[in-house]
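Descriptive analysis of the structure
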Amino acid sequence: MLCGAFVAGFALAGWVVELDRIVRDRFEGAVFGVPSRVYSAPTIVYPGLDWKRLDLRGILARLGYREVGRAGAVPPGQYAWDAHRVRVHLRAFEHPSRPEPARDVVLRLSGSQIASIASMPSGRELGAVLLEPEPLGAYYGPSREQRELVRLDEVPPHLVDAVLAVEDQRFASHPGIDLRRIAGAMLANLQAGSIRQGGSTLTQQLVKNFFLTPERTFRRKLQEALMALIVEARYDKAQILESYLNEIYLGQRGSTAIHGFGEAAHLYFGKSARELTVAESALLAAIIQSPNGISPYRDPERATRRRDLVLDLMRDQGRLSETGHAEAREEPLRLASVTPDAGDARYFLDLLQRQLAETYAAPELAQEGLRIYSTLDRRLQTLAARALEEGIAAIERRLPRLAEAPADRRLQGCLVAMRPQTGELLALVGGRDYRVSQFDRCTQARRQSGSVFKPFVFIAALEPVGGAPRITLASRLDDAPLSVSTPSGPWRPRNYDGEYHDVVPVREALERSFNVATARLAQEIGIRRVADVARRLGIESPLPLVPSLALGTAELAPVEVARAYATIASGGVRPRMQTVEDLVDRAGEVVERRRLGFERVLDPGTAYLATSLLEGVANRGTAAGVRSGGLRGPIGAKTGTTDEERDLWFVGFTPDLVAVVWVGFDEPRSVGVPSSVGALPIWRHFVEGATGGVVRGRFPRPPLIERVAIHPATGARALAGCPERRDEYFLRGTLPDEVCPSGPRGSSEFLRWLRRRL
Amino acid sequence: MRGAVRPRAIARTALACLAALFLTACPFVPLRPAESPSLHLHELADEGDATRRASLRLVLQGLDADMRSDVRRAQGLYARALQVDSSNPYAYLALARHHVAQSDPQRAFDHLVRARDLLDAYELMSPRVEVHLVGLRGNVLQLEGREVEAQALLVRAARGAPDVWSDATLSASELR
């Protein structure tokens, strides 16, 4: 008997020691794994900006700002909007190196424009204010738990009071289990004839969530009680309470479980835990019992009744004054608008994860609680996703047979947008539906590039390498039939229209995308030189040194095409692609900062001539459809349609934005429409939305470019008396020798004569 | 007759008083300062369109942060300035100065070239801004250890704008 008791006691002691080890491992290690979050670039608001185009209301709603009716001062996180002004109390943006203070500001509106911004109450005019970055998503572990950690000294005392009032009013005095509460619960359950009340303390709930399964067995209850006692013996009440506040499950956002009051405050009220009012704290405490059953979104009346019950308990337990109780009960339920899951940014999140993989493996990203501040422009991202979705749907309406394919074999597309001067990635939509396919066609796919490659041929010919360039913009190219012998037999390029055009001006050759003239030009300057230009501009994919390279047989990723055109748009300076501005770790330290990087790879003059050529394509050539919706301002563009219309490309750029659209099937087959019908409208809708229909700025003309009148038909320099003339751009020192009208002597001789006399 | 003389006397007295007042007040009348031989960016605060103005104001805030030695905040503000207007040459100029101050010649040079190209392309180049390009190029060479070439440029900058470049450096407040 004694021996049996000894063995049992020994076994119990061993069990307790084991439980103690488990408790210590958890509490003394990293208590919580916090998923790393990704944020957009901040929105900068300044006088002169079009608030409608910016979707200022939408941004405020997504950031959880709440609209109030009154026009006077508003508390942080709220705004009042009337016909001519918006008063908004911007929240502080907490960042170790670029924090922004909370600011009460008034935006005066004039039509759709922000006329001025004033700091209140001083009325001091401000040049610009920043709205905090918007959350784009997070990297979850298998449990898909989302939480924002809070410290006990950060949360308002009334939140702690609300939780203790309803969940564990004797928390301060019990040793981990509350015998009075257990007895009370047993009595209540006996009277009800079923389990109506639980007797668990906060500590027991914490233990259950941390270590145990939800099964209801005697052994599990005993284990819970023992572990609660161990936790209370080892750790102080403040530590236990703080862990509870961060651990407790408080609801669901889609497939993501919301844990802790920090995260719940954002989910339900769009604010941080420290900003919670008494009524809001009571509501969160009220839903602990059944976060989904008492969800204020699902059943606001039930949630309000339960909140009021918590407020009553707080008053009855002396945690809330009569006045405070009355005021809190009067407070209407004001929930944050449900922010849509940033589903359309998930391709971008995947790209970041691949880029960060060298430093942070996937499990680390799910645990380390990094804040990743990205370059993504949330507004442009939304526009890009919409433009792609609607554009592909329009193609399917035009060709209904395309829509009949199963979901995983449907027509696909992607759009990537970049800021040319800095290389910042602004928008990325890698496919039409992330849920169906996570393959990112802008960064992971390589497809035949078609005519979007041609500008590289023209740049190679326009670039003065060791002397005069092969062509100027006044030159004329031979578009007669061409045959090039290759190891696999003669190669005979043909034009899209099946015709040959004899001799054509350089501009027309690119504007109408003539294959034969381009292929001949590439042969004259050498394919190696064409490939070299493509490399310098930012193309990294393999480039086969074959004659057909000139017409885009190389398979390229849309993102590298975007970078190459960004180099042209920024005057020959190749930017390093940027997706991240900086990373902040859980302790609030900046652990990584990406900086601007660029390299001059093309002289500014040649870059300008290429830009001018591509402006011609957008104004008169195959890309002229970009103007069909009334889009104004400087645009350079190029269409690209590969054999049998398998790949539809469109690249376009403004001084501030370059965007590439690709449309096609994952397993290449004919789409049935050319790029100008399939890809161009997507680009146009995107840029119209981004710019409001008017592109700002201009492509700056470097000083070494001269603008001179020429005779269009011959490319000769136009003098007085020339019957037809238009202005053309030349690198200094490359003006044509021929003149119009030609003099009695040879034109070159005449020009020399003229120069002697000037 | 006497009645005709009196108004003239009054007028003379009034004129004399006005002249006396003018001469007395003269030292206190703020005269427009002579234009500095080098460019200060605050002079451009009201130039360009709304986007350029907003961008420039962020550059000025960045310079303020640099003046407080708040390096990271300055970098953040220059990045914001480029986010608003990525073709703003003065943002690149301020970044070039910033990287010189941080002893980072490669980045300083990259930004300096960018600033020069954009100033050229937008026809904004003038002797007043060129003097900063010359001086900063000298600073970059100095950081690279090419002292002789650096001195030639720094002397040129000091001759062009002694008020700023006589000490061979461009502080944030001087550029501001």
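First, a word on what this report is: a plain description of the structure on this page. Since we're looking at a predicted model, the values are computed, not measured.

1. A closer look at the overall build of chain A
Secondary structure assignment for chain A yields 24 helices and 33 strands. With the C-alpha coordinates aligned to their principal axes, the bounding extent of chain A is approximately 125 × 65 × 50 Å. Here chain A, with 758 residues, has 56% of them falling under the buried criterion. Residue pairs in contact within chain A that sit at least 24 positions apart in sequence constitute 66% of those at least 6 positions apart. Counting every atom, chain A has about 32000 Å² of accessible surface; 52% of that belongs to carbon and sulfur.

2. Details of the sheet that holds strand 5 (residues 85-90) of chain A
All names here are of chain A. What the six strands build is an open sheet, ordered 3-4-5-6-7-8; its pairing is mixed. Taken across any chain shown, the strands that pair with only one partner, and hence form the sheet edges, are strand 3 (66-67) and strand 8 (124-125). In the sheet, strand 6 (residues 103-110) pairs with strand 7 (residues 113-119) via six bridges, with the strands oriented antiparallel. From the neighbouring strand, Arg-108 faces strand 7, where its bridge partner is Ser-116.

3. Notes on the packing of helix 16 (residues 454-462) of chain A against helix 21 (residues 604-619) of chain A
Residues and elements named next belong to chain A. Two elements in contact, helix 16 and helix 21, have axes separated by 10 Å at closest approach and are oriented at 140 degrees. The angle between helix 16 and helix 21 places the two elements in the oblique class. Seen from above, helix 16 lies across helix 21 with right-handed handedness. In this structure, helix 16 uses Pro-455, Phe-458, Ile-459 and Leu-462 to contact helix 21, whose residues at the interface are Thr-606, Leu-609, Ala-610, Leu-613 and Leu-614. In the contact of helix 16 with helix 21, the residues fall into eight nonpolar, one polar and no charged.

4. Notes on the interface of chain A and chain B
Of the residues lining the interface, 33 residues belong to chain A; the matching set on chain B comes to 31 residues. Overall, the association of chain A and chain B removes approximately 3000 Å² of surface from exposure, summing both partners, and the carbon and sulfur fraction of that is 49%. For the pair chain A and chain B, the number of links is five salt bridges. In the side of chain A that touches chain B, the residues fall into 16 nonpolar, six polar and 11 charged.

5. Re the packing of aromatic side chains
In total, this model carries 13 aromatic pairs over all chains according to the counting rule given. Ring centres 6.3 Å apart and planes at 75 degrees place the aromatic pair A:Tyr79 and A:Trp81 in the edge-to-face group. Assessed through its relative accessible area of 5%, A:Tyr79 is described here as buried. Ring centres of A:Tyr608 and A:Tyr729 lie 5.3 Å apart, and the angle between their planes is 90 degrees; on these two criteria the pair is classed as edge-to-face. Of this pair, A:Tyr608 sits in helix 21 while A:Tyr729 is found in strand 32 (residues 726-731), placing the two residues 121 residues apart along the sequence. Exposure class is identical for A:Tyr608 and A:Tyr729. Each is buried. Joined through ring pairs, the aromatic side chains of A:Phe453, A:Phe456, A:Tyr565, A:Phe653 and A:Phe699 make up one cluster. Just above the ring of A:Phe598 sits the side chain of B:Arg114; from NZ or CZ to the centre is 5.9 Å.

6. As for the pattern of salt bridges
All names here are of chain A. Inspection of the entire model under this criterion finds 61 salt bridges over all chains. Where Arg-329 meets Asp-312, a salt bridge forms, and the shortest distance between an N and an O atom there is 2.9 Å. Placement of Arg-329 in helix 12 (residues 322-330) and of Asp-312 in helix 11 (residues 300-316) is noted, with a sequence separation of 17 residues between them. Salt-bridge contacts for Asp-440 lead to Arg-354; the nearest nitrogen and oxygen are separated by 4.0 Å. Here the residue Asp-440 occupies a position in the loop between strand 16 (425-429) and strand 17 (447-448), and Arg-354 occupies one in helix 13 (residues 346-356), the gap between them amounting to 86 residues.

7. Looking at unusual backbone geometry
Backbone phi values are negative for most residues with the exception of glycine, while trans is the configuration of most peptide bonds. Residue and element names in this part refer to chain A. A cis geometry characterises the amide bond from Met-120 onward to Pro-121, with omega recorded as 5 degrees. Across the junction of Cys-740 and Pro-741, the peptide omega takes the value -5 degrees, indicating a cis bond. Mapped onto the fold, Pro-741 is located in the loop between strand 33 (739-740) and helix 24 (747-757). At Ser-513, a residue that is not glycine, the phi angle is positive and equals roughly 55 degrees. Here Ser-513 is to be found in the loop between helix 17 (506-511) and helix 18 (515-525). Judged by its relative accessible area of 11%, Ser-513 falls in the buried class. The backbone phi angle of Glu-645 is positive, close to 55 degrees, even though this residue is not glycine. When you line up the elements, Glu-645 lands in the loop between strand 27 (636-641) and strand 28 (647-653).

8. Describing the environment of A:Asp55
All names here are of chain A. Take Asp-55: it is sitting in the loop between helix 2 (51-54) and helix 3 (56-62). Since its relative accessible area comes to 35%, Asp-55 is described here as partly exposed. Taking C-alpha positions, Asp-55 is 40 Å from Val-533, a pair spaced 478 residues apart along the chain.

9. Observations regarding the state of the cysteines
Here a disulfide denotes a covalent bond joining the sulfur atom of one cysteine to the sulfur atom of another. All names here are of chain A. With the rule as written, the count across this model stands at two disulfides over all chains. A sulfur-sulfur separation of 2.3 Å characterises the disulfide bridge that pairs Cys-414 with Cys-442. Between Cys-414 and Cys-442, the S-S torsion sits near 95 degrees, and that sign places the bridge as right-handed. With a gap of 28 residues between them, Cys-414 in strand 15 (residues 412-418) and Cys-442 in the loop between strand 16 and strand 17 connect regions that are remote in the sequence. The disulfide that involves Cys-722 links it to Cys-740, with 2.1 Å between the sulfurs. For the disulfide bridge between Cys-722 and Cys-740, the dihedral angle about the S-S bond is near 95 degrees, and by the sign convention the bridge is right-handed.

Analysis parameters
- Residues numbered from 1 in each chain as written.
- Chains lettered and ligands numbered in written order.
- Predicted model: local features only at pLDDT ≥ 70, side-chain atom pairs only at ≥ 80, totals over all residues.
- Heavy atoms only, no water.
- Helix = DSSP H or I, 4+ residues; strand = E, 2+ residues; numbered from the N terminus.
- Buried < 20%, exposed > 50% of the residue type's maximum accessible area, 1.4 Å probe, protein only.
- Contact = heavy atoms within 4.5 Å.
- Areas by Shrake-Rupley, 256 points an atom, 1.4 Å probe, with all protein chains shown as cover.
- Pairing = 2+ DSSP bridges.
- Axes fitted to C-alpha atoms, helices over the stretch in contact; angles between N-to-C directions.
- Parallel < 35°, antiparallel > 145°, perpendicular 65-115°, else oblique.
- Left-handed = near helix turned anticlockwise from the far one by under 90°.
- Nonpolar A, V, L, I, M, F, W, Y, C, P; charged D, E, K, R; others polar.
- Buried area = accessible area lost by both parts, 1.4 Å probe.
- Salt bridge = Lys/Arg side-chain N within 4 Å of Asp/Glu carboxyl O.
- Phe/Tyr/Trp six-rings, centres within 6.5 Å; stacked < 30°, edge-to-face > 60°.
- Lys NZ or Arg CZ within 6 Å of the ring centre and 35° of its normal.
- Disulfide = S-S within 2.5 Å.

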